[in-house]
Amino acid sequence: MTENLFQPFALNETITLQNRILMAPLTRCMADDELVPTQAMAEYYGRRAEAGLIISEAVLVRSDGQGYPNTPGLFTPAQVDGWRVVTDTVHKAGGKIFAQLWHTGRVAHPHFFEKSGSTQVIAPSAVGLEGSLPRMRELSYQVPKAVSHNEIVQLVADYTQAAANAIDAGFDGVEIHGANGYLIDQFLHHDSNRRTDEYGQTAENMARFPLAVVDAISARIGNDRTGLRVSPGAYVNMAGDKRDRAVFDYFLTELDKRDLAFLHIGIFDDAMEFDYLGGSASSYVRSVYSKTLVGVGSYSAEAGSAAIAEDKFDLLAIGRPFIANPDYVARVREGSELVEYSDEMLTSLV
């Protein structure tokens, strides 16, 4: 019942995937203390190369974007070299891999980057999160500084340089992380964007920085190697606001004019429904965005295959089952039983 998952899929004239199963980005916090990917990470990704496309764990575009321990970067030569070992391993195993480019915005903490000389968390507005960091409960979130115009220009440049670094490191492309309550997503929601200048208040203004990042990266490495993840439904590190619908109506319409490699839903469970979106995140995006869409969010292979058959999305991203089953693609193809994921698996790269 999953035959359609094993059909090749052309993202564009440049990239064809061997199947429709993507490995979703999964934060593992396994880089070294200089945020350089390790040999264990290369072996981890290499074992999963049968996926049609691997989307890497989120990768920092600069030091002040860090909000979790030992998350890898793509802003130093050593980090680029480390990722080159990873991409070489994946390619030798016959796979393809995109780097997910990331800045956590107000989810960051100076504990991770103060040695670089910066002590200020940045975000669209000076609106902080309540609570403590999930992997370091002794640290509380801080009220961020609202970025200036010049700082926004620099952020666009830093995202773009990280994309170029990704290509230098051998990645087949990049996915811009514009979802899950992180920096780019923070510009797109009224809860986190209280600006009154050209980056706030209206849909066009709130989408200005995200579109600037998309356009700059597309111009640097090619739109055919540029994907984007979005969370129109606020569900993590973000409060929902019915006004967000107008922002994403505009943003997705603009993205539809750009021939990106794909658009990827950011959601933990696609069964979640949002009143202001009129249903699930994927159904809403599909109604506005006409091009290649990646569905995700607690789908089994069978449910994802059925959703593709019903044209709900084009490609299926699988998360935690890939941690438990490095040979996930083979197991699904052969109808073999899957190993059940458990949180204990997060502590090692198998």
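Rules used throughout
Residues numbered from 1 in each chain as written. Predicted model: local features only at pLDDT ≥ 70, side-chain atom pairs only at ≥ 80, totals over all residues. Heavy atoms only, no water. Helix = DSSP H or I, 4+ residues; strand = E, 2+ residues; numbered from the N terminus. Rg over C-alpha atoms; globule rule 2.2 N^0.38 Å. Lys, Arg positive; Asp, Glu negative; His and termini not counted. Charge placed at Lys NZ, Arg CZ, Asp CG, Glu CD. Salt bridge = Lys/Arg side-chain N within 4 Å of Asp/Glu carboxyl O. Buried < 20%, exposed > 50% of the residue type's maximum accessible area, 1.4 Å probe, protein only. Axes fitted to C-alpha atoms, helices over the stretch in contact; angles between N-to-C directions. Parallel < 35°, antiparallel > 145°, perpendicular 65-115°, else oblique. Left-handed = near helix turned anticlockwise from the far one by under 90°. Contact = heavy atoms within 4.5 Å. Nonpolar A, V, L, I, M, F, W, Y, C, P; charged D, E, K, R; others polar.

### Brief notes about the overall build of the protein chain
When its secondary structure is counted, the protein chain shows eleven helices and 14 strands. Computed over C-alpha atoms, the radius of gyration of the protein chain comes to 19 Å, within 12% of the 20 Å expected from 2.2 N^0.38 for 350 residues, which places it in the range of a compact globule. The C-alpha extent of the protein chain, read off along each of the three principal axes, is 55 × 45 × 40 Å. Across the protein chain, the mean location of the 30 positive side-chain charges is 2 Å away from that of the 46 negative side-chain charges.

### Regarding the pattern of salt bridges
This structure, assessed with the given rule, holds 19 salt bridges. Between Asp-158 and Arg-62 there is a salt bridge, and its shortest N-O distance comes to 2.7 Å. Placement of Asp-158 in helix H3 (residues 149–168) and of Arg-62 in the loop between strand S4 (53–60) and helix H2 (77–92) is noted, with a sequence separation of 96 residues between them. Arg-62 matches Asp-158 in its accessibility class, with the two residues each being buried. Here Arg-84 and Asp-81 are joined by a salt bridge, their closest N and O atoms 2.9 Å apart. Placement of both Arg-84 and Asp-81 in helix H2 is noted, with a separation of three residues, approximately one turn of the helix. Among the ionic contacts, a cluster of salt bridges with common partners joins Asp-215, Glu-254, Lys-257 and Arg-258.

### Let's talk about the packing of helix H7 (residues 244–256) against helix H8 (residues 281–288)
The description of two packed helices rests on the angle between their axes and on the distance between the axes. Between H7 and H8, the least distance of the axes is 9 Å, while the angle of their chain directions is 50 degrees. Of the possible angle classes, the one that applies to H7 and H8 is oblique. Both H7 and H8 take part in a crossing whose hand is right-handed. Residues Arg-245, Phe-248, Asp-249, Leu-252, Thr-253 and Asp-256 of H7 touch H8, and the partners they reach there are Tyr-284, Val-285 and Val-288. Residues belonging to the contact of H7 with H8 are distributed by class as follows: five nonpolar, one polar and three charged.

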